[in-house]
Amino acid sequence: EADIYQTPRYLVIGTGKKITLECSQTMGHDKMYWYQQDPGMELHLIHYSYGVNSTEKGDLSSESTVSRIRTEHFPLTLESARPSHTSQYLCASSESPGLRNEQFFGPGTRLTVL
Amino acid sequence: AQSVAQPEDQVNVAEGNPLTVKCTYSVSGNPYLFWYVQYPNRGLQFLLKYITGDNLVKGSYGFEAEFNKSQTSFHLKKPSALVSDSALYFCAVRGAQTGANNLFFGTGTRLTVIP
């Protein structure tokens with residue numbers, strides 16, 4: 001079944017740790033996105049990718065980094081987690097060319113940094 | 001600049017009554033408009049979109065939305081609310097001329113359907 005997956009769903013970690021949030025989609029979409037969302041609040045785009053080896057920063061400045069080595073995989077990494085990184089992170093994908101197409105979202109990773 | 005406004009943080013409606021969740025937008029050129037729903041501890045689920053053509057768009061779970069260009073609005077509606085419709089609803093817009101792929105989201109409206 002075509003879908004978009006995120007792991008872990010919940011993560012509690014101490015300050016200074018390096019973390020990677022995983023996102024994979026089986027829909028063959030070229031475009032992928034990472035959003036940051038505080039509980040019950042609006043979404044802010046932090047990274048996006050048009051395809052393999054393409055990554056761009058979004059509207060909201062983020063200390064995280066992303067990579068896109070395979071079409072289906074778009075991991076997000078925080079080299080040194082801080083309490084200010086506590087939030088929900090949502091991954092999404094869409095078909096090319098993209099402007100008319102809706103984005104499909106994963107279930108999210110809720111990150112808590114102590 | 002692109003932006004979306006959802007003027008109501010919270011909407012309460014009795015089960016069986018019609019519901020409306022409001023959305024207005026600002027974008028250069030023609031808009032592409034989307035509605036998403038988010039249930040607790042879940043990602044966003046796509047409900048419907050307006051790209052072009054008929055101003056009344058029908059989507060999932062009996063929802064529909066009406067595009068009004070003169071009022072720059074895209075209100076979400078349903079003729080008869082269900083308790084299971086209780087969730088957080090997001091309106092989003094993208095300009096047709098924009099080169100970027102960014103989707104701009106509103107701040108969300110929490111819908112509560114009262115049994």
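Note: the structure precedes this text.
Quantities reported herein were computed from a predicted structural model and do not represent experimental measurements.

### Details of the nonpolar core
All names here are of chain B. Ranked by size, the top nonpolar core spans 27 residues in total, and within it Trp35, Leu47, Leu48, Phe74, Leu76 and Tyr89 carry the most contacts. At the level of secondary structure, the elements contributing two or more residues to this core comprise strand S2 (10–14), strand S3 (19–21), strand S5 (31–38), strand S6 (44–50), strand S8 (64–68), strand S9 (73–78), strand S10 (87–95) and strand S12 (109–114). In terms of residue count, the dominant contributor to this core is S10 (four residues). Not counting residues up to four positions away in its chain, the partners in contact with Leu48 are Leu33, Phe34, Trp35, Val57, Lys58, Gly59, Phe63, Glu64, Ala65, Phe74 and Leu76.

### Looking at unusual backbone geometry
Going from Thr7 of chain A to Pro8 of chain A, the amide bond is cis rather than trans, its omega being -10 degrees. Here Pro8 of chain A lies in the loop between strand S1 (4–7) and strand S2 (10–13). We note that Asn53 of chain A has phi near 65 degrees; this positive angle belongs to a residue other than glycine. Position of Asn53 of chain A relative to the elements: it lies in the loop between strand S5 (43–51) and strand S6 (54–57). Of note, the phi angle at Tyr61 of chain B is positive, near 60 degrees, even though the residue is not glycine. Mapped onto the secondary structure, Tyr61 of chain B falls in the loop between strand S7 (56–58) and S8.

### Re the interface of chain A and chain B
For interface size, the figure often reported is the accessible area lost on association. Of the residues lining the interface, 27 residues belong to chain A; the matching set on chain B comes to 26 residues. Overall, the association of chain A and chain B removes approximately 2100 Å² of surface from exposure, summing both partners, and the carbon and sulfur fraction of that is 49%. In this structure, the connection of chain A to chain B is made through one salt bridge. Between Lys49 of chain B and Glu102 of chain A there is a salt bridge, with its nearest N and O atoms 2.8 Å apart. Along the contact surface separating chain A from chain B lie four residue pairs in polar contact (both at pLDDT 80 or more). Of all the secondary structure elements, the ones that give two or more residues to the side of chain A that touches chain B are strand S4 (31–37), S5 and strand S9 (87–94) of chain A.

What counts as what
- Residues numbered from 1 in each chain as written.
- Chains lettered and ligands numbered in written order.
- Predicted model: local features only at pLDDT ≥ 70, side-chain atom pairs only at ≥ 80, totals over all residues.
- Heavy atoms only, no water.
- Core = buried A, V, L, I, M, F, W, Y, C linked by side-chain atoms within 4.5 Å.
- Buried < 20%, exposed > 50% of the residue type's maximum accessible area, 1.4 Å probe, protein only.
- Helix = DSSP H or I, 4+ residues; strand = E, 2+ residues; numbered from the N terminus.
- Contact = heavy atoms within 4.5 Å.
- Buried area = accessible area lost by both parts, 1.4 Å probe.
- Salt bridge = Lys/Arg side-chain N within 4 Å of Asp/Glu carboxyl O.
- Polar contact = N/O pair within 3.5 Å; in protein donor to acceptor, adjacent residues only side chain to side chain.

Treat this as a map of the structure, not an account of what it does.
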